[in-house]
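In case you want the letters, here they are:
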Amino acid sequence: MYLKKRNLSDCNQLYPLIIHPDVFPFVREKPNSYEEYLFLTKKVMEDEENGLLISRTILDEWETPIGVITLYDMNNGTGFLGTWLGKPYHGKGYNRIAKEAFFQELFFEKGVESIFLRVRLENIRSQKALEKIPYVLFANETRPHILEQINTNPKNYLYNLYEISKDSFTMYYKTHIQNEETIQQLEA
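Not measured: the values here are computed from a predicted model. (Residues numbered from 1 in each chain as written. Predicted model: local features only at pLDDT ≥ 70, side-chain atom pairs only at ≥ 80, totals over all residues. Heavy atoms only, no water.)

Enquirer: How should the packing of aromatic side chains be read in this particular structure?
Expert: Where two aromatic rings form a pair, the distance of their centres and the angle of their planes describe that pair. Going through the model one piece at a time under the given rule, you end up with 15 aromatic pairs. Taken together, a centroid distance of 5.6 Å and an interplanar angle of 35° make the contact between Phe-107 and Phe-169 tilted. Of this pair, Phe-107 sits in helix 3 (residues 94-108) while Phe-169 sits in helix 6 (residues 166-187); the two residues are 62 residues apart in sequence, bridging distant segments of the chain. Members of the aromatic cluster, joined through ring pairs, are Phe-103, Phe-107, Phe-108, Tyr-135, Phe-169, Tyr-172 and Tyr-173. Arg-28 extends its terminal NZ or CZ atom over the ring of Tyr-72, reaching a point 3.9 Å from the ring centre. Above the ring of Tyr-159, the side-chain terminus of Arg-118 is found at 4.9 Å from the ring centroid. (Phe/Tyr/Trp six-rings, centres within 6.5 Å; stacked < 30°, edge-to-face > 60°. Helix = DSSP H or I, 4+ residues; strand = E, 2+ residues; numbered from the N terminus. Lys NZ or Arg CZ within 6 Å of the ring centre and 35° of its normal.)

Here is the structure:
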């Protein structure tokens, strides 16, 4: 499994996944047709070229597009994470692997300092998944101004706020991921 830059040719496989009723309510871009999904993807690719966001397609072990991970609203070394996976890929570990690969790129190559995650209160599955990750911090109390900002929205959605700092991820990376990669290299 790995990540690759967004590409219009992946839209035909991603569109049926994004419109699934278990996925669609929780995605930022909500296409009403395949053509609109192509348009929205093209806009994301242009926004990345202009430094407004960073977006990757998530691929499974057979290089099939299964979802998308994006850092939106980039500002002063921070941004908001958005991730979605197709329903057939829920609960199989892809989300965590994709996030860790993306965080390595963001923190170690792109100069990002903090990643924020806003999760709607009714999205219990995502909240429970985040709370299992050791480098994710519940940030409702530590970032009250950002919490207020995200909870002031036209649709009156209520969110919890989470944060991943470069320091917390780097500590985790050095003690867990790097060790796993070394063991895999030794076993090969």
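Enquirer: When you look at unusual backbone geometry in this model, what are you seeing that I'm missing?
Expert: A negative phi angle is the norm for most residues apart from glycine, just as the trans form is the norm for most peptide bonds. Look at Glu-63: it is not a glycine, yet its phi comes out positive at around 65°. Relative to the assigned elements, Glu-63 resides in the loop between strand 2 (54-59) and strand 3 (65-75). A relative accessible area of 53% places Glu-63 in the exposed class. A positive phi angle is found at Asn-156, which is not glycine, with a value near 60°. You can see Asn-156 is positioned in the loop between helix 5 (144-150) and strand 7 (159-165). According to the relative accessible area criterion, Asn-156 is exposed, its value standing at 63%. (Buried < 20%, exposed > 50% of the residue type's maximum accessible area, 1.4 Å probe, protein only.)

Enquirer: Would you explain the pairing of strand 2 in this entry?
Expert: Within a regular strand, side chains alternate between the sheet's two faces. The buried count for strand 2 comes to six of six residues, which makes it a mostly enclosed element. Neither face of strand 2 is left uncovered, since the one carrying Ile-54, Arg-56 and Ile-58 and the one carrying Ser-55, Thr-57 and Leu-59 both have all their residues buried. Judged from the four bridges that link them, strand 1 (residues 2-5) and strand 2 form a sheet pairing that is antiparallel. Considered in strand 2, the bridge of Tyr-2 is made with Leu-59. Two elements, strand 2 and strand 3, share six bridges in a ladder whose sense is antiparallel. Residue pairing for strand 3: Ile-54 is matched across the bridge by Leu-71. (Pairing = 2+ DSSP bridges.)

Enquirer: What is the right way to look at the nonpolar core in this model?
Expert: It is characteristic of soluble globular proteins that their nonpolar side chains tend to be buried jointly. Counting residues in each nonpolar core, the largest one holds 38 residues, and the members touching the most others are Trp-84, Phe-103, Ile-115 and Ile-164. Elements represented by at least two residues in this core include exactly helix 1 (11-18), strand 2, strand 3, strand 4 (78-85), helix 3, strand 5 (114-120), strand 7 and helix 6. The element contributing the most residues to this core is helix 3, with six residues. (Core = buried A, V, L, I, M, F, W, Y, C linked by side-chain atoms within 4.5 Å.)

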